[in-house]
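Remarks on the overall topology
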Amino acid sequence: MAGAMHDDVEEILFTPEQIQARVAELGQQIAADYAGREPHLVTIVKGSIPFIADLMRAMDITLSLDLIGVASYGAGTTSSGEVRLTKDLDDSIEGRHVLVVEDIIDTGLTLAYVLRNLRQRAPASVRVVTFLDKPSGRGTAIEADYVGFTIPDAFVIGYGLDWNQRYRNLPYVGILKRDVYAGPL
Ligand code: 5GP
């Protein structure tokens, strides 16, 4: 049904134009910080796909790209805390300057797991860029080095972020209507 996807959005937080402007800025800042070093972008799929596609094109330096997949057990809108690897990297990161690219940090458990896993592989350095940061949900003392936008405690969708694998293709970031995932009150 045409338009149905947008009908599930309570409120738009960031428009496509705001996202493009912020990601371009972030890409330039990161590229400047990595001048003289070649970053290896380890992207956490699937939520970070639109972000990495835009971010890497905003970085006018030599870089390389790999993908890693993780899943946290459980469905719904809260993280269960148990994380497992669903797709490993193609290439070794030993001695490389790794930049982890994440869609959103909520509790921080996913990122903590990924960082623990990557640090065992002896990279030269590891930094983190996240498109969205939800500091109110944090259960661990973990922070990203670069943050696109800080958001309040709400379940958001779009620009890669899903609910039950849907809404990743929304060109904006919005808050999902509560009755979509919680049912009528
Ligand atoms: P954490 O482990 O930091 O609690 O959660 C990280 C993962 O949970 C993200 O990579 C994302 O898949 C999911 N997540 C956390 N908050 C949200 C949210 O507001 N919206 C969506 N769509 N996913 C979220």
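Check the entry above for the structure.
Residues numbered from 1 in each chain as written. Predicted model: local features only at pLDDT ≥ 70, side-chain atom pairs only at ≥ 80, totals over all residues. Heavy atoms only, no water.

Structural notes on the sheet that holds strand E3 (residues 64-72)
One open sheet accounts for 6 strands, arranged E4-E3-E2-E5-E6-E7; its pairing is mixed. Because the sheet does not close on itself, it has two edges, and the strands there are strand E4 (83-87) and strand E7 (146-150). Strand after strand, the sheet turns through a mean of 25° between neighbouring axes, direction not considered. Summarising the sheet, strand E5 (residues 97-105) and strand E6 (residues 125-133) pair through 8 bridges and their orientation is parallel. Bridge assignment links Leu99 to a residue of E6, and that residue is Arg127. The sheet strands contacting helix H4 (residues 109-119) are strand E2 (39-45), E3, E4, E5 and E6, and the helix crosses E5 at an angle near 165°. (Pairing = 2+ DSSP bridges. Helix = DSSP H or I, 4+ residues; strand = E, 2+ residues; numbered from the N terminus. Axes fitted to C-alpha atoms, helices over the stretch in contact; angles between N-to-C directions. Contact = heavy atoms within 4.5 Å.)

A look at the site of the ligand
Around the ligand there are 16 residues in total, and Thr107, Gly108, Thr110, Val156 and Asp162 lie nearest to it. Interatomic distance of 2.8 Å between a backbone N/O atom of Gly108 and an oxygen atom of the ligand. Interatomic distance of 2.5 Å between a side-chain N/O atom of Thr110 and an oxygen atom of the ligand. Expressed as a share of its isolated accessible area of 510 Å², the protein-covered part of the ligand is 86%. Secondary-structure elements contributing two or more residues to the shell around the ligand are E5 and H4. The residue inventory of the shell around the ligand, partitioned by class, reads 7 nonpolar, 4 polar and 5 charged. (Near = heavy atom within 4 Å. Polar contact = N/O pair within 3.5 Å; in protein donor to acceptor, adjacent residues only side chain to side chain. Areas by Shrake-Rupley, 256 points an atom, 1.4 Å probe, with all protein chains shown as cover. Nonpolar A, V, L, I, M, F, W, Y, C, P; charged D, E, K, R; others polar.)

Overview of unusual backbone geometry
Note that the residue after Val45, namely Lys46, is joined by a cis bond; omega there is 5°. Structurally, Lys46 is set in the loop between E2 and helix H3 (49-57). At Tyr159, a residue that is not glycine, the phi angle is positive and equals roughly 50°. Residue classification places Tyr159 among the buried residues on the basis of a relative accessible area of 5%. Positive phi is not limited to glycine here, since Gln165 has a value of about 70°. Structurally, Gln165 can be placed in the loop between strand E8 (156-157) and strand E9 (173-176). (Buried < 20%, exposed > 50% of the residue type's maximum accessible area, 1.4 Å probe, protein only.)

Topic: the nonpolar core
Note on soluble globular proteins: their nonpolar side chains tend to be buried together. Within the largest apolar cluster, 27 residues are counted, with the highest numbers of intra-cluster contacts made by Ile30, Phe51, Val129, Phe131 and Leu132. Secondary structure elements with two or more residues in this core: helix H2 (16-33), H3, E5, E6, E7 and E9. With 5 residues, the top contributor of residues to this core is H2. Once residues within four sequence positions are removed from consideration, Val129 is found in contact with Leu26, Ile30, Phe51, Leu55, Leu99, Val100, Val101, Glu102 and Tyr146. (Core = buried A, V, L, I, M, F, W, Y, C linked by side-chain atoms within 4.5 Å.)

Some thoughts on the pattern of salt bridges
Enumeration over the complete set of coordinates arrives at 8 salt bridges. The closest approach of N and O atoms between Asp106 and Lys134, which form a salt bridge, is 3.9 Å. With a gap of 28 residues between them, Asp106 in the loop between E5 and H4 and Lys134 in the loop between E6 and E7 connect regions that are remote in the sequence. A salt bridge links Glu143 to Arg138; the nearest nitrogen and oxygen atoms lie 3.4 Å apart. The exposure class of Glu143 is exposed, given its relative accessible area of 54%. On the basis of relative accessible area, Arg138 is assigned to the buried category, the value being 17%. Among the charged side chains, a salt-bridge network with shared partners connects Asp133, Arg138 and Glu143. (Salt bridge = Lys/Arg side-chain N within 4 Å of Asp/Glu carboxyl O.)

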